[in-house]
Amino acid sequence: MDQMVISSTILAAVGSGGVVGFMLGLLGGGGSILATPLLLYVVGVTQPHVAIGTGALAVSVSAFANFASHAIKGHVWWRCAAVFSALGVVGALAGSSLGKAIDGDRLIFMFGILMVVVGVLMLKPRKAVAVDCRPVDLRMCLTTAAVALTAGAASGFFGIGGGFLIVPGLMLATGMPMINAIGTSLLSVGAFGLATALNYASSGLIDWWLATEFIGGGIIGGVLGMLLATRLSAYKNILNRLFAALIFVVAAYILYRNWGTLMTG
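Basis of the calculations
- Residues numbered from 1 in each chain as written.
- Predicted model: local features only at pLDDT ≥ 70, side-chain atom pairs only at ≥ 80, totals over all residues.
- Heavy atoms only, no water.
- Axes fitted to C-alpha atoms, helices over the stretch in contact; angles between N-to-C directions.
- Helix = DSSP H or I, 4+ residues; strand = E, 2+ residues; numbered from the N terminus.
- Parallel < 35°, antiparallel > 145°, perpendicular 65-115°, else oblique.
- Left-handed = near helix turned anticlockwise from the far one by under 90°.
- Contact = heavy atoms within 4.5 Å.
- Nonpolar A, V, L, I, M, F, W, Y, C, P; charged D, E, K, R; others polar.
- Buried < 20%, exposed > 50% of the residue type's maximum accessible area, 1.4 Å probe, protein only.
- Polar contact = N/O pair within 3.5 Å; in protein donor to acceptor, adjacent residues only side chain to side chain.

K.L.:
Help me understand the packing of helix α6 (residues 138-158) against helix α8 (residues 178-201), please; the structure alone is not making it clear to me.
P.N.:
Packed helix pairs are characterised by how far apart their axes lie and by the angle those axes make with each other. Where α6 meets α8, the axes come as close as 9 Å, and the angle between the chain directions of the two elements is 45 degrees. Between α6 and α8, the crossing angle belongs to the class labelled oblique. With respect to the hand of their crossing, α6 and α8 are arranged in right-handed fashion. Where α6 approaches α8, its residues A148, A151, G152, S155, G156 and F157 are matched on the opposing element by F192, T196 and Y200. Residue composition of the contact of α6 with α8, grouped by class: 5 nonpolar, 4 polar and no charged.

Written out as structure tokens, the structure reads:
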């Protein structure tokens, strides 16, 4: 009986990781926000903070893997990537420390609200916009620093990648084209996730074996997603809307599950 429970848990972890990886490979972003809900409600992690810490580690590994492919294609602005990541890690450490200090159920309720926001953003199709590179002056440096610290803090607080904040933030601060912002952002997503994971690990809030299973599933799902992405590229906006609808459903479930706890807390 115990063996069956262990097998079903492994299957749930690998399958959930596969779903996140598949979404990331298919849509190029956003899928990582499903990591924490899947760990909580499918895999069966009972502690919200453990789900967030473990999910942050899985998100970090996925981001670094995707970053490598963008770097090979020359999409990365290395100096911006390094500066943004370094500043954002400070924010991620502060944000994750605050997140650890908050009651787990309250944190997950806020996570549900965040998912609604992400779902709304997913409904807006990304368009390639011509932008002018801005001069590297004091204003640009201060803007970059502010955006990096804010994005890092949000990423650390919720244990998410934060690409939906980082990509427009990089474009706002530096004026880089979207494809470069996407490639450059992945170093920050990986760095923020790793900083968050290490902060949670220092408090014993990561299930390392579960993270390994989840990441393994994510690698397989990512490959399948990327293979399918080329065939379904013409339907990208439809896929984004379907994914946004899925996010709204999951968000509604999270808010429903945690509303009573929030009211009585």
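K.L.:
What should I look at first to understand the environment of D207 in this one?
P.N.:
Along the polypeptide, D207 turns up in the loop between α8 and α9 (208-231). Judged by relative accessible area, D207 falls into the partly exposed class, the value being 33%. A C-alpha to C-alpha distance of 9.3 Å links D207 and V45, two positions 162 residues apart in sequence. Apart from residues lying up to four places away in sequence, D207 is in contact with V50 and T54. Here W209 takes part through its backbone nitrogen, which lies 3.4 Å from a polar atom of the side chain of D207.

By themselves, these figures tell us nothing about what the structure is for.
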